[in-house]
Protein chains: 2
Amino acid sequence: MSNGQPKGYQPTANSEQHLVLIMAGGAGTRFWPASREVKPKQFLDILGTGKSLLRQTYERSKKLVSADLIFIVTNVAYAERVKAELPELKADHIFCEPSRNNTAPSIAYASLKLQTKYPDAVCFVAPSDHIIQDEDMFVRDAQKAMHYAGTHDALVTLGISPTRPDTGYGYVQYESARTDDGIYPVVRFTEKPDINTAKKFLASGEYLWNSGMFIWSLKSVLQAFDKYAGSIIDILRKGNNVYFTEAEAQFLQAHYPATEKISIDFAILERATNVHVIPAGFGWSDLGTWLSLYDHLPADEKGNIRIHDPVMLDNCEGTLVHTTDGKLVVASGLHDFVIVCENDVVLIFPKDREQEIKALREELKKSGHEKFL
Amino acid sequence: MSNGQPKGYQPTANSEQHLVLIMAGGAGTRFWPASREVKPKQFLDILGTGKSLLRQTYERSKKLVSADLIFIVTNVAYAERVKAELPELKADHIFCEPSRNNTAPSIAYASLKLQTKYPDAVCFVAPSDHIIQDEDMFVRDAQKAMHYAGTHDALVTLGISPTRPDTGYGYVQYESARTDDGIYPVVRFTEKPDINTAKKFLASGEYLWNSGMFIWSLKSVLQAFDKYAGSIIDILRKGNNVYFTEAEAQFLQAHYPATEKISIDFAILERATNVHVIPAGFGWSDLGTWLSLYDHLPADEKGNIRIHDPVMLDNCEGTLVHTTDGKLVVASGLHDFVIVCENDVVLIFPKDREQEIKALREELKKSGHEKFL
């Protein structure tokens with residue numbers, strides 16, 4: 001708990017060491033067939049801007065810290081893709097998990113490793129596949145959070161005003177009347193509530209969505225691991241003498257897979273008592289689904305969205321088309337569809353039923369069509 | 001005129017010389033994007049049988065005549081495709097039109113050229129892009145027609161019982177009570193009537209569709225050209241001394257383009273008085289549209305048709321999917337659509353509105369996307 005925080009908090013000159021840790025190991029498949037198991041969405045130019053989401057995250061991070069203080073933690077399978085996407089990144093800034101054990105072990109590993117070089121640093125932990133619309137506002141909120149975390153034993157998250165009772169997010173109940181500095185103690189953190197709970201949260205007006213962006217000192221987060229996820233940190237702390245050495249990979253290969261497969265939200269944030277939230281107004285989407293992408297991008301007068309060219313729509317409404325490599329899509333008579341045209345797969349699906357794509361992917365797997373996944 | 005034909009006509013031993021002339025110069029684009037200007041539908045395996053329509057036509061022709069009596073007339077632009085599709089065909093069996101002047105000049109040229117070698121032959125003229133379902137019945141009807149044409153000055157067409165007032169066909173009015181040999185004098189040949197006329201024709205029960213398959217002696221068809229399309233035949237007859245020589249290409253290049261651009265139907269069949277028809281029952285489609293292809297192929301219990309694999313349909317009905325090169329198509333929630341997945345184009349269109357694709361193609365041309373046509 002961080003009672004007694006200073007009233008009327010104002011950002012001051014940056015005297016702490018600030019780092020950014022970008023999490024780029026996710027295997028999100030909800031943008032299938034644009035995203036694949038071998039090329040998840042952080043490596044895609046899903047918005048049609050000419051830059052992958054990872055590169056956008058990296059470039060945004062450079063507004064917070066100098067480039068040599070940006071680190072990426074990813075699955076070893078994606079290390080080459082990260083290098084290809086960010087050729088300017090030094091090789092030892094890419095941290096490789098040898099297995100998929102969810103975000104808690106990933107963050108514990110990266111934090112321990114960073115602490116060997118930057119023991120007093122504050123770390124901004126950023127997912128690699130989100131959209132931020134107003135980057136200036138984002139920078140202001142992030143700097144405020146980093147400064148707060150540099151001066152308090154606090155786990156800070158950036159919170160998003162919820163717009164629907166989404167059951168895929170963590171919900172942060174905060175005490176909006178408690179302070180006037182824009183940084184609020186969190187009463188309760190609830191990861192992925194059921195739909196009725198989510199509806200209550202939304203109606204109460206006291207909840208924000210957890211954006212998945214965390215700000216904390218390495219000390220605070222590692223203390224929290226000690227307290228709430230000791231089994232993970234105990235395993236990984238044994239590597240403290242090998243991080244940033246040639247022996248690291250072998251250590252990780254031997255021990256990392258044994259860590260508990262759990263998210264940072266369940267392992268730490270639901271349990272910790274010193275969580276704080278900054279309500280963020282910078283326009284955010286975690287781009288979890290084609291529908292969320294549709295909601296995020298500007299549509300034409302008929303509600304259609306074309307990502308990449310060429311696309312010709314006739315008598316279509318509310319339809320999102322994502323093509324690739326200059327393939328022409330000609331569609332007519334579709335209302336509220338998602339069309340994704342890849343080199344080897346074409347998907348044509350009702351926008352509001354995209355959650356069913358997952359089952360179709362399972363069918364594909366069972367019927368021997370793994371190569372398309 | 002062929003009055004006084006023998007009653008109770010029976011096929012006799014084949015004493016005439018029979019040829020097959022396959023017309024493979026069409027640039028049909030109604031199967032776009034599967035068919036292209038550089039690769040029209042006769043070169044496609046549009047049915048998913050493993051054989052192009054041209055090869056199917058060629059193999060069917062071998063049931064009528066020996067392989068060395070099968071000739072192809074095509075546009076010079078398609079000569080290499082014909083060779084690639086029918087590598088067993090001798091080079092001098094491919095007749096090349098240097099320009100697109102429709103079917104009358106094409107048939108006049110091929111007939112004149114064939115007459116220099118086979119002056120007394122009967123020629124079966126076959127489009128290269130039709131479906132014949134019952135080939136045995138087709139062979140019987142074709143042989144009957146060829147024998148009749150070998151013994152009469154008659155222009156014979158195979159007629160199809162109309163199933164709808166289609167305005168894209170020629171209609172053949174015949175005197176069904178006139179003879180009992182199954183070969184009927186044609187009262188009137190009407191190419192592409194308007195819709196009201198087509199409805200009247202259909203209601204009368206006295207009309208058949210012209211299948212576009214013609215059977216005549218070279219003498220009879222060239223006499224008909226002399227009589228009804230003299231300007232065409234006068235130009236091309238000047239080449240009689242160069243056909244089948246090295247000078248032919250140059251002659252054609254110099255003179256063929258000047259021939260009248262007109263179909264054999266308008267030039268000869270609407271005008272001639274010795275047209276006969278054999279009502280054919282062999283199951284026919286000219287595959288003019290995706291809809292006609294849909295009507296022709298067997299559908300699954302939901303009315304869906306998959307041409308080539310892999311295709312996964314979920315909650316789709318009455319939908320035709322044509323994919324290529326093993327591309328996966330996954331579609332959901334589509335009723336009565338055509339989906340065509342090519343390497344560079346994907347088309348998703350309501351089946352009953354496919355006539356509008358032509359206008360879309362024009363738009364593509366205007367907007368600088370000719371490469372997709």
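What you are looking at is a predicted structure, and each value in this text was computed from that prediction instead of being measured.

A.B. asks: Is there a simple way to explain the interface of chain B and chain A in this structure?
C.D. replies: Accessible area lost upon the coming together of the parts is a frequently used measure of interface size. With 32 residues of chain B in contact, the opposing surface of chain A contributes 32 residues. Regarding the contact of chain B and chain A, the summed buried area is about 2,400 Å², with carbon and sulfur atoms giving 68% of it. When residues of chain B are sorted by the area they lose upon contact with chain A, L328, V330 and I348 of chain B head the list and together hold 25% of the total. At the junction of chain B and chain A, the tally comes to two salt bridges. Taking the shortest distance from any N to any O, the salt bridge between D314 of chain B and R353 of chain A comes out at 2.9 Å.

A.B. asks: Got a minute to help me understand the sheet that holds strand β12 (residues 305-307) of chain B in this structure?
C.D. replies: The strands making up a sheet associate through hydrogen bonds between their backbones, and the pairing can be parallel or antiparallel. A sheet is described by the order of its strands in space; here six strands give the open sequence β13(A)-β15(A)-β17(B)-β16(B)-β14(B)-β12(B), paired in mixed fashion. The sheet is open, and its two edges are formed by β13 (311-314) of chain A together with β12 of chain B, each paired on a single side. Here the average twist between neighbouring strands, direction ignored, is 5°. Where strand β14 (residues 320-322) of chain B lies against strand β16 (residues 337-341) of chain B, three bridges are found, and the strand directions are parallel. Paired with H322 of chain B across the strands is V340 of chain B, a residue of β16 of chain B. Strand contacts of helix α11 (residues 357-366) of chain B: β13 and β15 (328-332) of chain A together with β17 (345-350) of chain B, with the helix running at about 140° to β13 of chain A, the strand carrying the most contacts.

A.B. asks: Please explain the pattern of salt bridges as it appears in this structure.
C.D. replies: Inspection of the entire model under this criterion finds 38 salt bridges over all chains. The partner of K219 of chain A in a salt bridge is D120 of chain A, and the shortest N-O contact between them spans 2.7 Å. Here K219 of chain A, found in helix α6 (residues 218-228), pairs with D120 of chain A, found in the loop between α3 (103-117) and β4 (122-127); they are 99 residues apart in sequence, far enough to count as distant. Its relative accessible area of 55% is what places D120 of chain A among the exposed residues. In this structure, E191 of chain B engages K192 of chain B in a salt bridge whose closest nitrogen and oxygen atoms are separated by 2.9 Å.

A.B. asks: Just checking my understanding: could you explain the relation of the copies chain B and chain A for this structure?
C.D. replies: Superposing the two chain copies requires a rotation about an axis and a translation along that axis. Least-squares fitting of chain B to chain A yields an RMSD of 0.1 Å, with the transformation described by 0.0 Å of translation along the axis and a rotation of 179°. One copy is carried onto the other by what is essentially a two-fold rotation axis. For chain B, the minimum C-alpha distance to the rotation axis belongs to N343 of chain B and amounts to 3.7 Å. The fraction of interface residues of chain B whose copies in chain A are also interface residues reaches 100%, indicating that both copies meet through the same surface.

A.B. asks: Looking at this model, I keep getting lost on the pairing of β4 of chain A. Mind explaining?
C.D. replies: Residue and element names in this part refer to chain A. Burial of β4 is extensive: six of the six residues sit out of reach of the surface. By the alternation rule, side chains of β4 split into V122, F124 and A126 and C123, V125 and P127, which are all buried. Examined bridge by bridge, β4 and strand β9 (residues 207-217) share four bridges and lie antiparallel to one another. The residue of β9 that forms the bridge with V125 is F214.

A.B. asks: Which parts of the structure should I look at to understand the sheet that holds strand β17 (residues 345-350) of chain A?
C.D. replies: A sheet is described by the order of its strands in space; here six strands give the open sequence β12(A)-β14(A)-β16(A)-β17(A)-β15(B)-β13(B), paired in mixed fashion. Every interior strand has two partners, whereas the edge strands, β12 (305-307) of chain A together with β13 (311-314) of chain B, have only one. Strand after strand, the sheet turns through a mean of 5° between neighbouring axes, direction not considered. Helix-sheet contacts for helix α11 (residues 357-366) of chain A involve β17 of chain A together with β13 and β15 (328-332) of chain B, and the interaxial angle to β13 of chain B is about 140°.

A.B. asks: Looking at this structure, how should I read the packing of helix α3 (residues 103-117) of chain B against helix α7 (residues 230-237) of chain B?
C.D. replies: Each pair of packed helices can be summarised by the angle the axes make with each other and by the distance between the axes. Residue and element names in this part refer to chain B. At a minimum axis separation of 10 Å, α3 and α7 run at an interaxial angle of 40°. Between α3 and α7, the angle is such that the two are oblique. The two elements α3 and α7 cross, and the hand of that crossing is right-handed. In contact with A104, P105, A108, Y109 and L112 of α3, α7 contributes I232, I233, L236 and R237. Residues of the contact of α3 with α7, tallied by class, amount to eight nonpolar, no polar and one charged.

A.B. asks: Please clarify how the pairing of strand β3 (residues 94-97) of chain B should be interpreted in this entry.
C.D. replies: Working note: regular strand, side chains alternate between the two faces of the sheet. Residues and elements named next belong to chain B. Direction of pairing for strand β2 (residues 70-75) relative to β3: parallel, over a ladder of four bridges. Within the sheet, the bridge partner assigned to V73 lies in β3 and is F95. Regarding the hand of the β-α-β motif, the stretch spanning β2, helix α2 (residues 79-85) and β3 is right-handed.

A.B. asks: Please explain the packing of aromatic side chains as it appears in this structure.
C.D. replies: Ring pairs (aromatic) are described by centroid distance and by the angle formed between their planes. Across all of its chains, the model carries 34 aromatic pairs over all chains by this definition. Geometrically, the ring pair formed by Y169 of chain B and W209 of chain B is tilted, given 4.5 Å between the ring centres and 45° between the ring planes. A residue pair is termed long-range when its members are at least 10 positions apart, and Y169 of chain B in the loop between β6 (155-160) and β7 (170-174) and W209 of chain B in strand β9 (residues 207-217) qualify at 40 residues. On the basis of relative accessibility, which here comes to 9%, the residue Y169 of chain B falls in the buried class. By relative accessible area, which is 4% here, W209 of chain B ends up buried. Among the aromatic residues, those joined into a ring-pair cluster are F71, F95, Y109, Y118, Y243, F244, F251 and Y256 of chain A. Over the ring of F138 of chain A we find R60 of chain A; its NZ or CZ atom is 5.7 Å from the centre of that ring. For the cation-ring pair, K117 of chain B lies above F244 of chain B, with the distance from its terminal atom to the ring centre recorded as 4.3 Å.

What counts as what
- Residues numbered from 1 in each chain as written.
- Chains lettered and ligands numbered in written order.
- Predicted model: local features only at pLDDT ≥ 70, side-chain atom pairs only at ≥ 80, totals over all residues.
- Heavy atoms only, no water.
- Contact = heavy atoms within 4.5 Å.
- Buried area = accessible area lost by both parts, 1.4 Å probe.
- Salt bridge = Lys/Arg side-chain N within 4 Å of Asp/Glu carboxyl O.
- Pairing = 2+ DSSP bridges.
- Helix = DSSP H or I, 4+ residues; strand = E, 2+ residues; numbered from the N terminus.
- Axes fitted to C-alpha atoms, helices over the stretch in contact; angles between N-to-C directions.
- Buried < 20%, exposed > 50% of the residue type's maximum accessible area, 1.4 Å probe, protein only.
- Least-squares fit on C-alpha atoms with pLDDT ≥ 70 in both.
- Parallel < 35°, antiparallel > 145°, perpendicular 65-115°, else oblique.
- Left-handed = near helix turned anticlockwise from the far one by under 90°.
- Nonpolar A, V, L, I, M, F, W, Y, C, P; charged D, E, K, R; others polar.
- Right-handed = clockwise from strand over helix to strand, strands pointing away.
- Phe/Tyr/Trp six-rings, centres within 6.5 Å; stacked < 30°, edge-to-face > 60°.
- Lys NZ or Arg CZ within 6 Å of the ring centre and 35° of its normal.

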